[in-house]
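Here are the chains, one letter per residue:
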Amino acid sequence: MNKLATLDNVFQYADIDSPEVKLDRLAHLLSQAPVTIYTCKPNGVFGITFLSDNIKDLFGYKAEEFLHNPDFWINNIHPEDRDLVISGMNAIHAGKSLLRKYRFKMKNSHWKWIRDRARLVTDQSGKPIEIIGAWTDMSELIQIEDALRQSEEKHRFLLEQINAGIMIHAPDTRVASCNRQTCNLLGLNEQQILGKVAADFECAFICEDETPMRFDQFPANQVIRQNKAVKNLVIGIVRSDLSDNRWVMANAFPEFNDEGEILNITVTLIDITEHVKSQEEIHRLAHYDSLTQLPNRFLIHERIDQAIHSSRRENQSFALLFLDLDNFKIVNDSLGHHRGDLLLQQVSDRLKDCLRKGDMAGRLGGDEFVVLLPNTGADGAAHVSSKIIEAINAPFDVEEYLLNIGTSIGISIYPNDGLESDTLTRHADIAMYHAKASGGGRNCFFDSEMNARIEYRLVMERDMYLALDQHQFQLHYQPQIDLSSGKMVAVEALIRWPHPQRGMISPAEFIPIAEDSGLIMQIGLWVLQRACRDIKTWLAEGHPRIKVAINLSLRQLQNPQLFAQIIDIIDETGIPPACLELELTESVMMENHDVTLDFMAQCRNFGINFSIDDFGTGYSSLSYLTKLPLDKIKIDRAFVKDIAKDSDANTIVSAIISMAKSLRLKIVAEGVETEEQLNYLKECGCDTVQGFYFSPAISYAMLTQMINP
Ligand SMILES: Nc1nc2c(ncn2[C@@H]2O[C@@H]3COP(=O)(O)O[C@H]4[C@@H](O)[C@H](n5cnc6c(=O)[nH]c(N)nc65)O[C@@H]4COP(=O)(O)O[C@H]3[C@H]2O)c(=O)[nH]1
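Residues numbered from 1 in each chain as written. Predicted model: local features only at pLDDT ≥ 70, side-chain atom pairs only at ≥ 80, totals over all residues. Heavy atoms only, no water.

Overview of the overall build of the protein
- Secondary structure summary: the protein contains 28 helices and 27 strands in total.
- Within the protein, counting contacts between residues at least 6 apart in sequence, those at least 24 apart form 58% of the total.
- Of the accessible surface of the protein, which amounts to about 36700 Å², a share of 50% is contributed by carbon and sulfur atoms. (Helix = DSSP H or I, 4+ residues; strand = E, 2+ residues; numbered from the N terminus. Contact = heavy atoms within 4.5 Å. Areas by Shrake-Rupley, 256 points an atom, 1.4 Å probe, with all protein chains shown as cover.)

Here we look at the site of the ligand
- Near the ligand there are 20 residues, and of these Gln478, Arg496, Arg637, Glu673 and Phe692 occur at the shortest range.
- Between the ligand and aspartate 613 there is a distance of 3.1 Å, counted from an oxygen atom to a side-chain nitrogen or oxygen.
- Take phenylalanine 692: an N or O atom from its main chain is 2.9 Å from an oxygen atom of the ligand.
- If the ligand stood free it would expose 790 Å²; the protein chains cover 83% of that surface.
- Elements represented by at least two residues in the shell around the ligand include exactly strand 20 (488-499), helix 18 (507-517) and strand 24 (609-615).
- Considering each element in turn, the shell around the ligand owes the most residues, four residues, to strand 20.
- Looking at the shell around the ligand, its residues break down into seven nonpolar, six polar and seven charged. (Near = heavy atom within 4 Å. Polar contact = N/O pair within 3.5 Å; in protein donor to acceptor, adjacent residues only side chain to side chain. Nonpolar A, V, L, I, M, F, W, Y, C, P; charged D, E, K, R; others polar.)

Focus on a negative patch on the surface
- Taken together, the side chains of Glu208, Asp209, Glu210, Asp244 and Glu280 define an acidic patch exposed on the protein surface.
- With respect to the helices and strands, the residue glutamate 210 is situated in the loop between strand 8 (204-206) and helix 10 (219-226). (Patch = residues over 30% accessible without salt bridge, like charges linked within 9 Å, V, L, I, M, F, W, Y side chains within 5 Å. Salt bridge = Lys/Arg side-chain N within 4 Å of Asp/Glu carboxyl O. Lys, Arg positive; Asp, Glu negative; His and termini not counted. Charge placed at Lys NZ, Arg CZ, Asp CG, Glu CD.)

With respect to the confidence of the model for the protein
- Within the protein, residue pLDDT values average 90, and 95% of them lie at 70 or more.
- Within the protein, no element has a lower average pLDDT than helix 1 (residues 7-15), which sits at 48, and none a higher one than strand 14 (residues 368-373), at 98.
- With pLDDT under 50 throughout, residues 1-8 is counted as low confidence; its partners more than four residues away or in other chains account for twelve contacts.
- Predicted as a complex, the structure gets a pTM of 0.55 and an ipTM equal to 0.95. (pLDDT = per-residue confidence, 0-100.)

Considerations on the environment of tryptophan 247
- Relative to the elements of secondary structure, tryptophan 247 occurs in strand 10 (residues 246-256).
- Judged by relative accessible area, which is 6%, tryptophan 247 ranks as buried.
- Each C-alpha atom of the pair tryptophan 247 and glycine 236 lies 4.4 Å from the other, and the pair is eleven residues apart in sequence. (Buried < 20%, exposed > 50% of the residue type's maximum accessible area, 1.4 Å probe, protein only.)

Overview of the environment of proline 219
- With respect to the helices and strands, the residue proline 219 is situated in helix 10.
- Residue proline 219 is classed as buried on the basis of its relative accessible area of 8%.
- Residues proline 219 and valine 267, spaced 48 residues apart in sequence, show a C-alpha to C-alpha distance of 7.2 Å.
- Excluding anything up to four places from it in sequence, proline 219 contacts Val230, Leu233, Ile235, Ala250, Ala252 and Val267.

Brief notes about the sheet that holds strand 11 (residues 262-271)
- Spatial ordering of the open sheet is given by 7-6-11-10-9-8, a layout of six strands whose pairing is antiparallel. Only two strands of the sheet have a single partner each, and these edge strands are strand 7 (175-178) and strand 8. The mean angle between the axes of side-by-side strands here comes to 30°, regardless of whether they run parallel or antiparallel.
- Direction of pairing for strand 10 relative to strand 11: antiparallel, over a ladder of nine bridges. Counterpart to phenylalanine 253 in the pairing with strand 11 is threonine 266. (Pairing = 2+ DSSP bridges. Axes fitted to C-alpha atoms, helices over the stretch in contact; angles between N-to-C directions.)

Quick look at the side chain of glutamine 192
- Take glutamine 192: it is sitting in helix 9 (residues 190-193).
- A polar contact of 2.8 Å, which involves the side chain of glutamine 192, links it to the backbone nitrogen of asparagine 189.
- In this structure, glutamine 192 is in contact with Phe201 and Glu202, ignoring residues within four places of it in sequence.

Remarks on the packing of helix 17 (residues 448-469) against helix 18
- Between helix 17 and helix 18, the shortest axis-to-axis distance is 10 Å and the interhelical angle comes to 85°. In terms of orientation, helix 17 and helix 18 fall into the roughly perpendicular class. Contacts from Tyr456, Arg457, Met460, Glu461 and Met464 of helix 17 reach helix 18 at Glu509, Phe510, Pro512, Ile513, Ala514, Asp516 and Ser517.
- Here the contact of helix 17 with helix 18 is composed, by residue class, of seven nonpolar, one polar and four charged. (Parallel < 35°, antiparallel > 145°, perpendicular 65-115°, else oblique.)

A few points about the pairing of strand 17 (residues 406-414)
- Buried residues dominate strand 17, accounting for nine of its nine residues.
- Along strand 17, one buried face is formed by Gly406, Ser408, Gly410, Ser412 and Tyr414 and the opposite face, lined by Thr407, Ile409, Ile411 and Ile413, is buried too.
- When strand 12 (residues 318-326) meets strand 17, the two strands line up antiparallel, connected through nine bridges. Paired with leucine 321 across the bridge in strand 17 is isoleucine 411.
- Two strands pair when backbone bridges link them, and strand 17 and strand 18 (residues 443-445) are joined in this way by three bridges, in the parallel orientation. Each bridged residue has a counterpart across the sheet, and for glycine 410 the counterpart in strand 18 is cysteine 444.
- In this region the chain leaves strand 17, passes through helix 16 (residues 421-437) and returns to the parallel neighbour strand 18; the handedness of that crossover is left-handed. (Right-handed = clockwise from strand over helix to strand, strands pointing away.)

With respect to the packing of aromatic side chains
- Taken as a whole and judged by the stated rule, the model has 25 aromatic pairs.
- Between the aromatic rings of tyrosine 38 and tryptophan 73, the centroid separation amounts to 5.4 Å while the plane-to-plane angle is 50°, which identifies the pairing as tilted. Residue tyrosine 38 is located in strand 1 (residues 35-40), and its partner tryptophan 73 is located in helix 5 (residues 72-75); the two are separated by 35 residues in the primary sequence.
- For the ring pair tyrosine 61 and phenylalanine 104, a centre distance of 6.4 Å and an interplane angle of 85° mean the geometry is edge-to-face. Here tyrosine 61 is found in the loop between helix 3 (55-59) and helix 4 (63-67), whereas its partner phenylalanine 104 is found in strand 3 (residues 98-105), with 43 residues between them in sequence. By the burial criterion, tyrosine 61 is buried, and phenylalanine 104 matches it.
- Taken together, the ring pairs connect Tyr38, Phe59, Tyr61, Phe66, Phe72, Trp73, Phe104 and Trp135 into an aromatic cluster.
- Positioned above the aromatic ring of phenylalanine 396 is the side chain of arginine 350, whose terminal nitrogen or guanidinium carbon lies 3.5 Å from the ring centre. (Phe/Tyr/Trp six-rings, centres within 6.5 Å; stacked < 30°, edge-to-face > 60°. Lys NZ or Arg CZ within 6 Å of the ring centre and 35° of its normal.)

Comments concerning unusual backbone geometry
- Geometrically, the link from tyrosine 414 to proline 415 is a cis peptide bond, its omega value of 5° lying close to zero.
- Here proline 415 shows up in the loop between strand 17 and helix 16.
- Even without being glycine, serine 109 reaches a positive phi, approximately 75°.
- Given the relative accessible area of 47%, serine 109 is considered partly exposed.
- The backbone phi angle of glutamine 293 is positive, close to 65°, even though this residue is not glycine.

Considering the sheet that holds strand 4 (residues 111-122)
- Strand order in the open sheet formed by five strands is 2-1-5-4-3, with antiparallel pairing between adjacent strands. Each edge of the open sheet is held by one strand with a lone partner, namely strand 2 (48-51) and strand 3. Within this sheet the neighbouring strands show an average axis-to-axis angle of 30°, counted without direction.
- Bridge analysis of strand 1 against strand 5 (residues 128-137) gives six bridges, and the strand direction is antiparallel. The residue of strand 5 that forms the bridge with valine 35 is threonine 136.
- Here helix 6 (residues 79-93) sits on the sheet and contacts strand 1, strand 3, strand 4 and strand 5; the angle it forms with strand 3, its principal contact strand, is near 150°.

Quick look at the pairing of strand 19 (residues 474-482)
- Summarising burial for strand 19: eight of the nine residues are buried, a large majority.
- Here eight bridges tie strand 19 to strand 20, and the two strands are oriented antiparallel to one another. Of the residues in strand 20, the one forming a bridge with glutamine 478 is glutamate 492.
- Between the antiparallel neighbours strand 19 and strand 20 lie five residues, among them glycine 486 with a positive phi of about 75°.

This is the structure:
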């Protein structure tokens, strides 16, 4: 541009009232100038009166072609621009210096854009003399402008097409421009964005951790503060028109001038909502239980760890509740898993209803739940657990059933009962076990003695596995004597465990642990095998046939394979089934009544006998006595023990005996230790007795000697 002479310079020359020689010099100068000077007549006559020599360079015409034809100039102006030039004359006559752009047809018939700057020249009285003007070739400029416009359009097009919001902020962080995608992301129109700082937009912004975004955290503000680019900022956009937040990844780049000052800041916003949602979904699947939507084991431990962290820092305590539903298994087994699932969902809803904001309920799996109570001590834990017990005790409406279950809750308190998540959970679990063992439907706080007991149980379990593996168990037999003949007619098989380190351990101690752990299945099977093999040997050695009574546990009866296992053993040993008598306690018979009845009927058909153990201590429902395929009743030794001194016990014993007789059931009294007890039982008509008075349980070898003196 600066190489163009200005028209004012030219006018200076033109104004000079100069001699001929100076005009020549002027003409020469004008021909060198990058503009073409012309004069034309005023008053709307377009005849050119003067042209500088470089006219040929501009249009390809000679000056004469303009000078000899008054219409030449106006006729060669592009028809679309001609009116503009004609109307411009009025303005010129009004004294304005006019700048206009139009197209002129060149000698080669192409159109050329020119800039025409013209003004009126008057004499001293103000009378118009002529119009003087300068034409400048605008081709190059127009080309540059075209290129610039095209480039801008392309730029704009790209900005609109690009799947990212782009905002240009001025150095004061106000938005100078933005593309359509920015509007889409923010849910605002351009007017609501341009000229404003982001903090004033009509939508709210949150940080990655979902806390409200502070003024200094906005990308452009961070750039200003740090004087450098900001990368990969995750920002949530909270829009009133959407229920879910939009999430964007923001990058902000400053542009500096030569002095190092920020000229503008470009902020790009990439929509990562889908990505964030899928991340959230992955997180949800990994951290929440799909049935109840409660936190799962993984998240529970994460939250306990957080509670430990903050409680340690703030010197606070918190409580962990371990819940196990009472009777859930019965519902699940008898009404099906679908109803079991519905029940668990309702349980989780009730649990949540019992908790305050900040507390957490989670599901460990099955019917086990955990509740975390931050900033809570023993009193608070007791209060919440009572509330939960009450809530779970209320009947559940599951499809067409009204179900009654309950829950047992174990409680551990940080830091007294443990400093780590695993320890606290284990201790709450142990306490829950105690709550359950004491009847369920209650809570129990952990104490360190429980731990010792649990550890003892764990050691016992491990040792029982070893005992099975290393054949440490033995089977002893306690004789049962027929009172009319005085002969041994049967024996009760009783397991013995001479522990290599602890010495003889009573079955009363290890059998309940074996029942809890399920090991009773293997131990019970071993007892059956051992007893049948011993019977086989006695029979093979020609000893008289002897009946062996074997105790069965509830867990064994729950094994659907039990009948098949017994038959296999009988087949394998070839003993008469009638040599076996299975002893079930009253409570075992009543539990899972139908299954037990089926099992008993199958065995009975096969020739196996049954007796009720510990009769009188359980339900003592007489009606079931008539329904069960029983052969014998065993009077519990607690009654036998008190025969001599307690008239109530005497009454009970004689009543049991006469009732059994009327039902044609045999009777065996256990725990007979004295002659007095024996005589009373004889008087009452008892058939058989068992007890230390005759013999304790003895080894196979000793019994063999006894059978065959
Ligand atoms: N004070 C006293 N006690 C007497 C007398 N006569 C017998 N006993 C004891 O009374 C228990 C009778 O067995 P139970 O009631 O079936 O009670 C058994 C039974 O429930 C269970 N058990 C023992 N062996 C087995 C087994 O092989 N399988 C299963 N499932 N349980 C078993 O362990 C319990 C305890 O067995 P043991 O310690 O062998 O104790 C035996 C026996 O030694 C007596 O005159 N006075």
